[in-house]
Amino acid sequence: MLKDQPDNFALIGELALINSGVGDKLAAFALAERAMAVLPLEKDAADGPMPLEFLARVAVRVGELDRAIAILEKLLSIPYDGALASPVPLTPALLRLDPMFDPLRNDPRFQKLVEDGVSK
């Protein structure tokens with residue numbers, strides 16, 4: 001499919017998640033960054049953040065929690081259509097529920113991200 005759709009950022013992002021799930025960190029990040037190059041945030045305000053969400057999810061899955069937190073802070077500051085459940089972007093409420101972010105649960109920075117949504 002990727003040969004037929006080399007600019008399909010959603011497909012590339014899903015492949016990044018698959019690679020992170022099987023433990024291929026280098027391939028996962030390469031694919032996530034490729035998705036970001038296909039659809040940069042600066043090019044499309046609605047869909048451009050989706051590759052960033054893929055990158056955040058990859059970072060969590062491979063244990064790069066600092067990188068994931070930084071990306072989540074950015075994503076929560078901008079409106080966009082969600083990558084996995086369009087048109088539902090990540091919100092503090094969804095971060096509290098999404099099991100993919102379980103590795104971040106005890107991180108005070110993550111707790112602040114999800115609590116900020118409750119206090120707003």
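Residues numbered from 1 in each chain as written. Predicted model: local features only at pLDDT ≥ 70, side-chain atom pairs only at ≥ 80, totals over all residues. Heavy atoms only, no water.

Asks: Explain the overall build of the protein chain to me, using residue names and the numbers behind them.
Replies: In terms of helices and strands, the protein chain carries six helices and zero strands. Secondary structure of the protein chain in N-to-C order comes out as α-α-α-α-α-α. The C-alpha radius of gyration computed for the protein chain amounts to 14 Å, which stays within 12% of the reference 14 Å derived for 120 residues, consistent with globular compactness. Seen through its C-alpha atoms, the protein chain measures out along the principal axes to roughly 45 × 30 × 20 Å. By the burial criterion, 39% of the 120 residues in the protein chain qualify as buried. Across the protein chain, the fraction of contacts at a sequence separation of at least 24, relative to all contacts at a separation of at least 6, is 55%. Accessible surface, the protein chain as shown: approximately 6400 Å² in total, 58% of it carbon and sulfur. Taking the average location of the 13 positive side-chain charges in the protein chain and that of its 18 negative ones, the two points are 2 Å from each other. (Helix = DSSP H or I, 4+ residues; strand = E, 2+ residues; numbered from the N terminus. Rg over C-alpha atoms; globule rule 2.2 N^0.38 Å. Buried < 20%, exposed > 50% of the residue type's maximum accessible area, 1.4 Å probe, protein only. Contact = heavy atoms within 4.5 Å. Areas by Shrake-Rupley, 256 points an atom, 1.4 Å probe, with all protein chains shown as cover. Lys, Arg positive; Asp, Glu negative; His and termini not counted. Charge placed at Lys NZ, Arg CZ, Asp CG, Glu CD.)

Asks: So what about helix α3 (residues 49-61)? Which residues, and what values?
Replies: For an α-helix, the turn length of 3.6 residues means that residues three or four places apart are oriented alike. With 13 residues, α3 ought to run about 18 Å at 1.5 Å a step, and its terminal C-alpha atoms sit 19 Å apart, in line with that. Every buried residue of α3 is accounted for by P49, M50, P51, L52, E53, F54, L55, A56, R57, V58, A59 and V60. Here the buried face of α3 lies against α1 (9-21), α2 (25-38) and α4 (65-76). Downstream of α3 by a residue or two, G63 has a phi angle that is positive, lying close to 90°. (Expected span 1.5 Å × (residues − 1).)

Asks: An account of the nonpolar core is requested, with residue identities and associated values reported.
Replies: Residues L72, L75, F101, L104 and F110 are the most contacted members of the largest nonpolar core, which totals 34 residues. Contributing elements (two or more residues each) for this core: α1, α2, α3, α4 and α6 (108-119). Beyond its immediate sequence surroundings of up to four residues, F101 is in contact with R57, V60, L72, L90, L95 and F110. (Core = buried A, V, L, I, M, F, W, Y, C linked by side-chain atoms within 4.5 Å.)

Asks: I'd love a proper account of the pattern of salt bridges, names of residues and values included.
Replies: A full pass over the atoms with the stated rule returns eight salt bridges. With its nearest N and O atoms 3.0 Å apart, the salt bridge here joins E53 to R57. Here E53 pairs with R57, and both are found in helix α3, just four residues apart, close to one helical turn. Residue class for E53 comes out buried when judged on its relative accessible area of 2%. Salt bridges linked by common partners bring K25, E33, E64 and R67 together as one network. (Salt bridge = Lys/Arg side-chain N within 4 Å of Asp/Glu carboxyl O.)

Asks: So what about the packing of α3 against α4? Which residues, and what values?
Replies: Between α3 and α4, whose axes approach to 8 Å, the crossing angle comes to 155°. Taken together, the axes of α3 and α4 lie roughly antiparallel to each other. Along this stretch, α3 crosses α4, giving a crossing that reads as left-handed. Two secondary-structure elements touch here, α3 through P49, L52, E53, L55, A56, A59 and V60 and α4 through L65, R67, A68, I71, L72, K74 and L75. Class assignment of the residues belonging to the contact of α3 with α4 gives a composition of eleven nonpolar, no polar and three charged. (Axes fitted to C-alpha atoms, helices over the stretch in contact; angles between N-to-C directions. Parallel < 35°, antiparallel > 145°, perpendicular 65-115°, else oblique. Left-handed = near helix turned anticlockwise from the far one by under 90°. Nonpolar A, V, L, I, M, F, W, Y, C, P; charged D, E, K, R; others polar.)

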